[in-house]
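The primary structure of each chain is shown beneath.
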Amino acid sequence: MRIAFVGAGNMASSLIAGMVAMGIDGGRISASARRPEQRELLKSCYGVDVHSSAGECAAGADVVILSVKPQVAQVTCREIAPHLSDDALILSIMAGIPVLNLLAWLNSSRTSARAIVRCMPNTPASVGFGMTALYASAAVSPSQKECAYSLMSSVGRAIWVGDECQFDAVTALSGSGPAYAYLLMEAMVEAGKELGLPSQVAETLTRQTILGAAQLASDQGRALQELRRQVTSPHGTTEAAVNLLEAQGFKSLVGRAVRGAARRSAELPLEL
Ligand SMILES: NC(=O)C1=CN([C@@H]2O[C@H](COP(=O)(O)OP(=O)(O)OC[C@H]3O[C@@H](n4cnc5c(N)ncnc54)[C@H](O)[C@@H]3O)[C@@H](O)[C@H]2O)C=CC1
Ligand SMILES: O=C(O)[C@@H]1CCC=N1
């Protein structure tokens, strides 16, 4: 199976890193990127076959992963359409771009509808801890669904969503989500330093604490509130911090932020 990444920037590189680490041969992967340094990096790190042309990259591939920015989705789809194999499986990781647009830009017709799976991965895929949501369009066969699922499961967890409308919410939660965690960590490091800790110490304490908390939370049998309760001694230190966060509207602020990301995802196709 040949896999082509059309637009190999941050997210595609994370997927390539995760796939190669999981044993997928870099020689079976092709990738297109505009910047020569990025192509050189992908070639030297992962043994990937690199291209400057999106069309050349996609030509003859069994699985084509559309990973350019949404703003250049249309021009890129039109560029690769003549080069695609008839039975190529298209995976789009682009935020906000609906299947209907992709079908039109890829010259898909009622008689030869393209098999398209929308995927929303995230960057922890590079270390095998990704979270990908998938949605299959009508023309995707059961074996193609299996192929998309196993490819994305190779770099973390994957789940199907039954309704494409849910993709804006998925993008806001798990696609963008790693950045929210890093922002929290940045704030914790800053606070640790202000309390007098050396920078290195504040970083180590923060990174390992979030890693440990996430590891505990990965067991869905344990309610998040219960995990929080176990840390929070009555009248203790955690309670002092959590009470302040709640009084200042922490949850509602996060809610507004996540809804803002979902709104932005819904806006993206309107700007094309
Ligand atoms: N960064 C992330 O955490 C995630 C990103 N995504 C989606 O992945 C896509 C890519 O995002 P990033 O990797 O962050 O962006 P990026 O800017 O790092 O990568 C985009 C790549 O596309 C290439 N490119 C640009 N114009 C092109 C064109 N006309 N033809 C061919 N290649 C072209 C660039 O050279 C670059 O290698 C976006 O659609 C985004 O919504 C989805 C999930 C998470
Ligand atoms: O920020 C973005 O638009 C992309 C989609 C999800 C994560 N990064």
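Criteria and cut-off values
- Residues numbered from 1 in each chain as written.
- Chains lettered and ligands numbered in written order.
- Predicted model: local features only at pLDDT ≥ 70, side-chain atom pairs only at ≥ 80, totals over all residues.
- Heavy atoms only, no water.
- UniProt positions renumbered as here; feature names shortened; annotations may be inferred.
- Helix = DSSP H or I, 4+ residues; strand = E, 2+ residues; numbered from the N terminus.
- Contact = heavy atoms within 4.5 Å.
- Lys, Arg positive; Asp, Glu negative; His and termini not counted.
- Charge placed at Lys NZ, Arg CZ, Asp CG, Glu CD.
- Near = heavy atom within 4 Å.
- Areas by Shrake-Rupley, 256 points an atom, 1.4 Å probe, with all protein chains shown as cover.
- Patch = residues over 30% accessible without salt bridge, like charges linked within 9 Å, V, L, I, M, F, W, Y side chains within 5 Å.
- Salt bridge = Lys/Arg side-chain N within 4 Å of Asp/Glu carboxyl O.
- Buried < 20%, exposed > 50% of the residue type's maximum accessible area, 1.4 Å probe, protein only.
- Pairing = 2+ DSSP bridges.
- Polar contact = N/O pair within 3.5 Å; in protein donor to acceptor, adjacent residues only side chain to side chain.
- Nonpolar A, V, L, I, M, F, W, Y, C, P; charged D, E, K, R; others polar.
- Axes fitted to C-alpha atoms, helices over the stretch in contact; angles between N-to-C directions.
- Phe/Tyr/Trp six-rings, centres within 6.5 Å; stacked < 30°, edge-to-face > 60°.
- Lys NZ or Arg CZ within 6 Å of the ring centre and 35° of its normal.

- For the protein chain, an unreviewed UniProt entry supplies the name Pyrroline-5-carboxylate reductase and the organism Ottowia beijingensis.
- Entered under Subcellular location (unreviewed entry) in the UniProt record, the comment concerning the protein chain runs "Cytoplasm".

## Things to note about the overall build of the protein chain
Moving on, step 1. Each helix and strand counted, the protein chain has 12 helices and 8 strands in total.
Moving on, step 2. With the C-alpha coordinates aligned to their principal axes, the bounding extent of the protein chain is approximately 65 × 40 × 35 Å.
Moving on, step 3. Intrachain contacts of the protein chain at a sequence separation of at least 6 include 66% that bridge at least 24 residues.
Moving on, step 4. Separation between the mean location of the 23 positive side-chain charges and that of the 23 negative ones in the protein chain comes to 3 Å.

## Some remarks on the site of ligand 2
Moving on, step 1. Taken together, A95, G175 and S176 make up the full set of residues near ligand 2.
Moving on, step 2. Starting from 240 Å² of accessible surface for ligand 2 in isolation, the protein chains cover 45%.

## Concerning a nonpolar patch on the surface
Moving on, step 1. Taken together, the side chains of L197, V201 and L205 present a nonpolar region at the surface, about 230 Å² in accessible area.
Moving on, step 2. In this fold, V201 is placed in helix 9 (residues 199-217).

## Topic: the pairing of strand 6 (residues 115-120)
Moving on, step 1. Burial within strand 6 is extensive, with 6 of its 6 residues counted as buried.
Moving on, step 2. Along strand 6, one buried face is formed by A115, V117 and C119 and the opposite face, lined by I116, R118 and M120, is buried too.
Moving on, step 3. Two strands pair when backbone bridges link them, and strand 6 and strand 7 (residues 130-136) are joined in this way by 4 bridges, in the antiparallel orientation. By the bridge assignment for strand 7, V117 is matched with A136.

## Some points on the UniProt feature "domain: Pyrroline-5-carboxylate reductase catalytic N-terminal" (unreviewed entry) in the protein chain
Moving on, step 1. Mapped onto the present numbering, the UniProt feature "domain: Pyrroline-5-carboxylate reductase catalytic N-terminal" (unreviewed entry) falls at residues 2-96.
Moving on, step 2. For residues 2-96, the helix share is 38%, the strand share is 20%, and the end-to-end C-alpha distance is 26 Å.

## Focus on the site of ligand 1
Moving on, step 1. The immediate surroundings of ligand 1 are formed by 19 residues, with N10, M11, R34, V68 and A95 found nearest.
Moving on, step 2. Interatomic distance of 2.9 Å between a backbone N/O atom of N10 and an oxygen atom of ligand 1.
Moving on, step 3. Measuring from an oxygen atom of ligand 1, one finds a backbone N or O atom of R34 at 2.8 Å.
Moving on, step 4. Summarising the interface, the protein chains cover 82% of the accessible area of ligand 1, which totals 820 Å² for the free molecule.
Moving on, step 5. Looking at the shell around ligand 1 residue by residue, the classes come out as 11 nonpolar, 6 polar and 2 charged.

## Comments concerning the pattern of salt bridges
Moving on, step 1. Tallied over the full model, the rule gives 7 salt bridges.
Moving on, step 2. Residue E164 is joined to R118 by a salt bridge in which the shortest nitrogen-to-oxygen separation is 2.8 Å. A residue pair is termed long-range when its members are at least 10 positions apart, and E164 in the loop between strand 8 (156-160) and helix 7 (167-175) and R118 in strand 6 qualify at 46 residues. The same class applies to E164 as to R118, namely buried.
Moving on, step 3. Several salt bridges share partner residues, and in doing so they unite R264, E267 and E271 into one network.

## Considering the sheet that holds strand 7
Moving on, step 1. With respect to topology, 8 strands assemble into an open sheet ordered 3-2-1-4-5-6-7-8, the strand pairing being mixed. Every other strand in the sheet has two partners, leaving strand 3 (49-51) and strand 8 as the edge strands with one partner each. Recorded for the sheet is a direction-independent mean angle of 20° between the axes of neighbouring strands.
Moving on, step 2. One ladder, built from 5 bridges, connects strand 7 with strand 8; its direction is parallel. Bridge pairing in strand 8 places G130 opposite G156.
Moving on, step 3. Sheet contacts for helix 1 (residues 10-21): strand 1 (3-6), strand 2 (29-32) and strand 4 (63-66); angle to strand 1, the most-contacted strand, approximately 160°.

## Regarding the packing of aromatic side chains
Moving on, step 1. Applying the stated rule across the entire model yields 0 aromatic pairs.
Moving on, step 2. One cation-aromatic arrangement involves K145 over W160; the distance from NZ or CZ to the ring centre is 4.7 Å.

## Remarks on unusual backbone geometry
The phi angle of most residues is negative, glycine excepted, and most peptide bonds adopt the trans form.
Moving on, step 1. Located in the positive-phi region is H235, a residue other than glycine, with phi close to 60°.
Moving on, step 2. Along the polypeptide, H235 turns up in the loop between helix 10 (224-231) and helix 11 (237-247).

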